[in-house]
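Geometric and topological summary
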Amino acid sequence: MLSTMESHPDRPPSGRSPADELGDIRRGMHRVHLDAPPTPSWVWPTFGFAAAIYTWSFTLDPPANLPVMVCSLAITFGVLGYLTRRRGNFPSFSAMPSELRREAIATWIQVAALAALVIALWHTVGATIATLVAGVAFAIIMFLHQRRHEAITHRLASRVDGTNGP
């Protein structure tokens with residue numbers, strides 16, 4: 001019987017280096033983040049509409065505000081669920097390549113800044129302007145995030161596949 005450190009005499013060597021095999025593993029781990037169908041164009045206005053409805057819900061008196069708020073959250077999570085089913089996965093943040101993780105964090109910071117802006121606008125110029133800005137700006141932030149995400153995944157996929165990317 002052979003020990004675990006010895007090779008099997010009937011098995012031919014794979015002819016691949018450990019670096020090649022590690023590259024295959026890395027490609028497999030990153031593939032879930034790099035392969036996705038394009039996001040439909042209706043997603044961005046839908047996200048903006050949901051953000052506007054959520055913001056508008058704060059102008060309503062209880063209990064009318066709660067169903068409007070829940071509706072906006074249902075729209076958002078419904079779209080996220082659709083995108084997850086379409087892509088076949090919901091990529092893990094902790095396993096995502098560092099460039100994509102930095103992009104996600106930058107987008108979260110932009111959304112937090114938008115929330116602060118919306119609150120400031122609410123108190124200075126009123127709820128209507130704040131609601132419009134929330135809807136339009138959130139849609140723009142998410143659209144631009146997706147464009148940057150696609151550029152990063154294209155560059156990473158080119159690097160992982162060994163081709164020259166942009």
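The present account deals with the structure reproduced in this document.

Here is what the cut-offs are and how they apply
- Residues numbered from 1 in each chain as written.
- Predicted model: local features only at pLDDT ≥ 70, side-chain atom pairs only at ≥ 80, totals over all residues.
- Heavy atoms only, no water.
- Helix = DSSP H or I, 4+ residues; strand = E, 2+ residues; numbered from the N terminus.
- Buried < 20%, exposed > 50% of the residue type's maximum accessible area, 1.4 Å probe, protein only.
- Polar contact = N/O pair within 3.5 Å; in protein donor to acceptor, adjacent residues only side chain to side chain.
- Contact = heavy atoms within 4.5 Å.
- Salt bridge = Lys/Arg side-chain N within 4 Å of Asp/Glu carboxyl O.
- Phe/Tyr/Trp six-rings, centres within 6.5 Å; stacked < 30°, edge-to-face > 60°.
- Axes fitted to C-alpha atoms, helices over the stretch in contact; angles between N-to-C directions.
- Parallel < 35°, antiparallel > 145°, perpendicular 65-115°, else oblique.
- Left-handed = near helix turned anticlockwise from the far one by under 90°.
- Nonpolar A, V, L, I, M, F, W, Y, C, P; charged D, E, K, R; others polar.

Bringing the side chain of H145 into the picture now. Within the secondary structure, H145 is located in helix α5 (residues 127–161). Judged by its relative accessible area of 13%, H145 falls in the buried class. Looking at H145, its side chain comes within polar contact range of the side chain of E103, at 2.9 Å. In this structure, H145 is in contact with E103, A104 and T107, ignoring residues within four places of it in sequence.

What follows is about the environment of L156. Mapping L156 onto the fold places it in helix α5. Distance from L156 to L100, taken between C-alpha atoms, is 9.4 Å for residues 56 residues apart in sequence.

Another aspect to go through is the pattern of salt bridges. Where side chains of opposite charge bring their charged atoms close, a pairing between them can arise. All chains considered together, the criterion is met by 1 salt bridge. Among the salt bridges present, the one from E103 reaches R148, with a minimum N-O distance of 2.9 Å. Taken together, the residues E103 in helix α4 (residues 98–124) and R148 in helix α5 connect sequence positions 45 residues apart. Judged by relative accessible area, E103 falls into the buried class, the value being 7%. The exposure class assigned to R148 is partly exposed, which follows from its relative accessible area of 28%.

Bringing unusual backbone geometry into the picture now. The peptide bond linking P62 to P63 adopts the cis configuration, its omega dihedral lying at 0°. Tracing the chain through its elements places P63 in the loop between α2 (43–57) and α3 (65–87).

With that settled, the discussion passes to the packing of aromatic side chains. Tallying each qualifying case throughout the model produces 5 aromatic pairs. Pairing W44 with F143 gives two aromatic rings, centres 6.3 Å apart and planes at 75°, and the pair type is edge-to-face. Of this pair, W44 sits in helix α2 while F143 sits in helix α5, placing them 99 residues apart in sequence. We classify W44 as buried; its relative accessible area is 10%. Here the aromatic rings of F47 and F138 are separated by 6.3 Å at their centres, their planes lie at 80°, and the arrangement is edge-to-face. Here F47, found in helix α2, pairs with F138, found in helix α5; they are 91 residues apart in sequence, far enough to count as distant. Overall, F138 belongs to the buried group, its relative accessible area being 18%. One aromatic cluster in this structure is built from W44, F47, F138 and F143.

Turning our attention to the packing of α2 against α3. At a minimum axis separation of 8 Å, α2 and α3 run at an interaxial angle of 160°. By the criterion of interaxial angle, the relationship of α2 to α3 is roughly antiparallel. Two packed elements cross with a definite hand, and for α2 against α3 that hand is left-handed. Two secondary-structure elements touch here, α2 through V43, T46, F47, F49, A50, I53, Y54, W56 and S57 and α3 through N65, V68, M69, S72, L73, I75, T76, V79, L80 and L83. Across the contact of α2 with α3, the residue classes break down as 14 nonpolar, 5 polar and no charged.

Read these as spatial facts, not as claims about activity.
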